[in-house]
Amino acid sequence: MDPALLREREAFKRRAMATPTVEKKAKTETSFAPPKDVKKSRPVSAAPKIDASNYKTMTGSSQYRFGVLAKIVKHMRTRHQEGDDHPLTLDEILDETNQLDIGSSVKAWLQAEALRNNPKIEHTPDGRYLFKSVFKIKDGKSLMRLLKQHDLKGLGGVLLDDVQESLPHCDKVLKNRASEIIFITRPNDKKKILFYNDRTANFQVDEDFQKLWRSVTVDAMDDAKIDEYLEKQGIRSMQDHGPKKPLLPKRKKLANKKRQFKKPRDNEHLADVLETYEDNTLTQSNAVQEIKQNN
């Protein structure tokens, strides 16, 4: 071995021996018994575990129930608009809506109450369910038949929203029947109304009459001013048209009955005085009438 390395090693040992060091002794844990009068702390009760199988049917799940019902109604409407009109059982509906994991109480509520009383669901005698639309129409012919009946009976038009809900493949049918239908947009709510386009009522209007019609402006006139103008012109054919004001029932006038002087029941001791008073008033009134007649 190199003697230089040996000398450095010996010098390092001497320096280490000369340097003072302090040893840290490990503290010994003193065990002590707790006093007898100290009460043991009670363990904190853990939160109740929620069972994943019945958490949907717990108290306060009405929102979940109506969510299930809304999903069923929406699915039944969609399949009706796509042309599927065959009825389904409750299990088939739950299978198609991916809701087979609902609880037994929710299923019983759907079958006994919710689906039976829903205005958009029709219940068949064999226990199946259908979507209940506003109108019973299946194709373009039934739609035109409905519009013709409304036109003949004076019922007006039909809402486009109701037709879209009731008629399967509505957009395609309306496109094919566009020439037979008149679309009017209602000004108050901007909803579209469908009317039957009766071509037999089409006629040519003279241009002179059109000019006269367009020259008359009644935008700034109310019904009262229009009625006044028509009366001045001697036109009374419009009296039976327009909204009629309700007539208030006349009050019956009560017949004027002569007041009869009622004798007091308790003052029987004054009966003679009252009789003489009545006789005197009658004789005085008769005398006054005779004097007026003589004059």
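Reading the values: rules and limits
Residues numbered from 1 in each chain as written. Predicted model: local features only at pLDDT ≥ 70, side-chain atom pairs only at ≥ 80, totals over all residues. Heavy atoms only, no water. UniProt positions renumbered as here; feature names shortened; annotations may be inferred. Core = buried A, V, L, I, M, F, W, Y, C linked by side-chain atoms within 4.5 Å. Buried < 20%, exposed > 50% of the residue type's maximum accessible area, 1.4 Å probe, protein only. Helix = DSSP H or I, 4+ residues; strand = E, 2+ residues; numbered from the N terminus. Contact = heavy atoms within 4.5 Å. Patch = residues over 30% accessible without salt bridge, like charges linked within 9 Å, V, L, I, M, F, W, Y side chains within 5 Å. Areas by Shrake-Rupley, 256 points an atom, 1.4 Å probe, with all protein chains shown as cover. Salt bridge = Lys/Arg side-chain N within 4 Å of Asp/Glu carboxyl O. Lys, Arg positive; Asp, Glu negative; His and termini not counted. Charge placed at Lys NZ, Arg CZ, Asp CG, Glu CD. Axes fitted to C-alpha atoms, helices over the stretch in contact; angles between N-to-C directions. Parallel < 35°, antiparallel > 145°, perpendicular 65-115°, else oblique. Left-handed = near helix turned anticlockwise from the far one by under 90°. Nonpolar A, V, L, I, M, F, W, Y, C, P; charged D, E, K, R; others polar. pLDDT = per-residue confidence, 0-100. Phe/Tyr/Trp six-rings, centres within 6.5 Å; stacked < 30°, edge-to-face > 60°. Polar contact = N/O pair within 3.5 Å; in protein donor to acceptor, adjacent residues only side chain to side chain. Pairing = 2+ DSSP bridges. Expected span 1.5 Å × (residues − 1). Bend = angle between axes of the 7 residues up to and from the residue.

Within an unreviewed UniProt entry, the label attached to the protein reads Transcription initiation factor IIE subunit beta, and the organism entered is Anopheles sinensis. Annotation of the protein in UniProt includes, under Sequence similarities (unreviewed entry), the sentence "Belongs to the TFIIE beta subunit family." Under the Function (unreviewed entry) heading, UniProt states for the protein: "Recruits TFIIH to the initiation complex and stimulates the RNA polymerase II C-terminal domain kinase and DNA-dependent ATPase activities of TFIIH. Both TFIIH and TFIIE are required for promoter clearance by RNA polymerase."

### A short note on the nonpolar core
With 18 residues, the main nonpolar core has Leu 69, Ile 72, Met 76, Leu 110, Leu 115 and Tyr 129 as its most contacted residues. Listing elements by their share of this core, those giving two or more residues are helix H2 (62–81), helix H3 (90–96), helix H4 (104–117) and strand S2 (129–131). Residues contacting Leu 69, with those up to four places away along its chain left out, are Trp 109, Leu 110, Ala 114, Leu 115 and Asn 118.

### What about unusual backbone geometry?
Its identity is not glycine, yet Asn 98 carries a phi of approximately 55°, on the positive side. One can find Asn 98 in the loop between H3 and H4. Among the residues examined, Asn 98 registers a relative accessible area of 65% and is labelled exposed. One non-glycine residue, His 169, lies in the positive phi region at around 55°.

### Here we look at a negative patch on the surface
Side chains of Glu 82, Asp 84, Asp 85, Asp 95 and Glu 96 sit close together on the surface and give a patch of like negative charge. Within the secondary structure, Glu 96 sits in helix H3. You can call Glu 96 partly exposed: its relative accessible area is 39%.

### Remarks on the pattern of salt bridges
As enumerated under the stated definition, the model contains 10 salt bridges in all. With a closest N to O distance of 3.9 Å, Arg 9 and Glu 10 form a salt bridge. On the basis of relative accessibility, which here comes to 46%, the residue Arg 9 falls in the partly exposed class. Between Glu 122 and Lys 136 there is a salt bridge, with its nearest N and O atoms 3.4 Å apart. Within this pair, whereas Glu 122 is found in strand S1 (residues 121–123), its partner Lys 136 is found in the loop between S2 and helix H5 (140–152), the two being separated by 14 residues in sequence. Residue class for Lys 136 comes out exposed when judged on its relative accessible area of 63%. Residues joined by salt bridges that share partners form a network here, namely Arg 77, Lys 120 and Glu 165.

### Structural notes on the packing of H2 against H4
One can describe the packing of H2 onto H4 by two numbers: an axis separation of 11 Å at closest approach and a directional angle of 60°. When the axis of H2 is compared with that of H4, the two are oblique. Regarding H2 and H4, the two cross each other, and that crossing is right-handed. Contacts between H2 and H4 involve Tyr 64, Arg 65, Phe 66, Val 68, Leu 69 and Ile 72 from the first element and Ser 105, Val 106, Trp 109, Leu 110, Ala 114 and Leu 115 from the second. Its residues assigned to classes, the contact of H2 with H4 comprises 10 nonpolar, one polar and one charged.

### A short note on the confidence of the model for the protein
Residues of the protein with pLDDT of at least 70 account for 66%, and the chain-wide mean is 76. A low-confidence stretch, residues 43–60 stays under pLDDT 50, and its non-local contacts, those more than four residues away or across chains, total seven contacts.

### Points about a nonpolar patch on the surface
Taken together, the side chains of Val 216, Val 218, Met 221 and Tyr 229 define a hydrophobic patch exposed on the protein surface, amounting to about 370 Å² of accessible area. Within the fold, Val 218 resides in the loop between helix H8 (207–215) and helix H9 (223–232). For Val 218, a relative accessible area of 42% puts it in the partly exposed group.

### A word on the packing of aromatic side chains
Taken as a whole, this structure holds one aromatic pair when the rule is applied. Ring geometry for Phe 66 against Trp 109: centres 5.4 Å apart, planes inclined by 80°, an arrangement best described as edge-to-face. Within this pair, whereas Phe 66 is found in helix H2, its partner Trp 109 is found in helix H4, the two being separated by 43 residues in sequence.

### Looking at the side chain of Asn 118
By secondary structure assignment, the location of Asn 118 is in the loop between H4 and S1. Residue Asn 118 is classed as buried on the basis of its relative accessible area, which comes to 16%. At 2.9 Å, the side chain of Asn 118 forms a polar contact with the backbone nitrogen of Lys 120. Excluding residues within four positions of it along the chain, Asn 118 makes contact with Leu 69 and Val 73.

### A look at the pairing of strand S5 (residues 192–196)
Moving residue by residue along a regular strand, the side chains alternate between the two faces of the sheet. Pairing analysis gives two bridges linking strand S3 (residues 158–159) to S5, with the strands arranged antiparallel. Looking across to S5, one finds that Val 158 is bridged to Leu 194.

### Observations concerning H4
Between the first and last C-alpha of H4 there are 19 Å, a value that for 14 residues agrees with the 20 Å anticipated at 1.5 Å per step. At Leu 110, H4 shows its maximal kink, close to 50°. Along H4, the residues that are buried comprise Val 106, Trp 109, Leu 110, Ala 114 and Leu 115.

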